[in-house]
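# Fold and geometry: a report
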Amino acid sequence: EMQLVESGGGWVEVGGSLRLSCSASGGSVSDYAMSWVRQAPGKELEWVSSMGTGPGDTIYADSVKGRATISRDDGQNTLYLQLNSLKPEDTAIYYCAAVKNLGPWCSESRYEYDYWGQGTQVTVSS
């Protein structure tokens, strides 16, 4: 069974940057559509970004488009999310998720994914 472990969250000032990591074991990130989903305090889950198994097959939510870059390192079996120009509304727990699909998977529903990590907290302070 695949396990996903997120890291890289923390406290950052408005305008700052963070790179989130999602380390996988028990399966290869290159075999799955990989997504980032976040949950802000008191709010529903929000899909952020996803990449399919093919190179450059990425898609972003409007809320992060132009500020986020999703990528993966197949050798390290790790998924990344680079977040720039952070805003207070980016404050959330960020989860990575995997689903057996070739193309990106643009869903925030936990039930649509085969595997889901435990999350990493990002706090953007003004």
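In short, a report on the structure. Keep in mind that what you see is a predicted model, and the values were worked out from it rather than measured.

## Here's the deal with the sheet that holds strand β1 (residues 3-7)
Pairing within the open sheet is antiparallel, and its four strands lie in the order β1-β3-β8-β7. Since the sheet does not close on itself, it has two edges, and those belong to β1 and β7 (68-73), each with one partner. Each adjacent strand pair in this sheet contributes to an overall mean axis angle of 15 degrees, direction not counted.

## Comments concerning the side chain of E6
In this structure, E6 sits in strand β1. One buried charged side chain, E6, makes no salt bridge at all; its nearest oppositely charged neighbour is R110, positioned 8.5 Å away. Polar side-chain contacts of E6 include one of 2.7 Å to the backbone nitrogen of C96. One polar contact links the side chain of E6 to the main-chain amide nitrogen of Q118, over a distance of 3.0 Å.

## Overview of the state of the cysteines
For the structure shown, the criterion picks out one disulfide. Shown here is the disulfide that connects C22 with C96, its sulfur atoms set 1.9 Å apart. Looking along the S-S bond of the C22-C96 disulfide, the torsion reads about 40 degrees, which is the right-handed sense. Taken as a pair, C22 in strand β3 (residues 18-25) and C96 in strand β9 (residues 92-99) lie far apart in primary sequence, 74 residues in all. The residues C22 and C96 share a single accessibility class, namely buried.

Reading the values: the criteria
Residues numbered from 1 in each chain as written. Predicted model: local features only at pLDDT ≥ 70, side-chain atom pairs only at ≥ 80, totals over all residues. Heavy atoms only, no water. Pairing = 2+ DSSP bridges. Helix = DSSP H or I, 4+ residues; strand = E, 2+ residues; numbered from the N terminus. Axes fitted to C-alpha atoms, helices over the stretch in contact; angles between N-to-C directions. Buried < 20%, exposed > 50% of the residue type's maximum accessible area, 1.4 Å probe, protein only. Lys, Arg positive; Asp, Glu negative; His and termini not counted. Salt bridge = Lys/Arg side-chain N within 4 Å of Asp/Glu carboxyl O. Polar contact = N/O pair within 3.5 Å; in protein donor to acceptor, adjacent residues only side chain to side chain. Disulfide = S-S within 2.5 Å.

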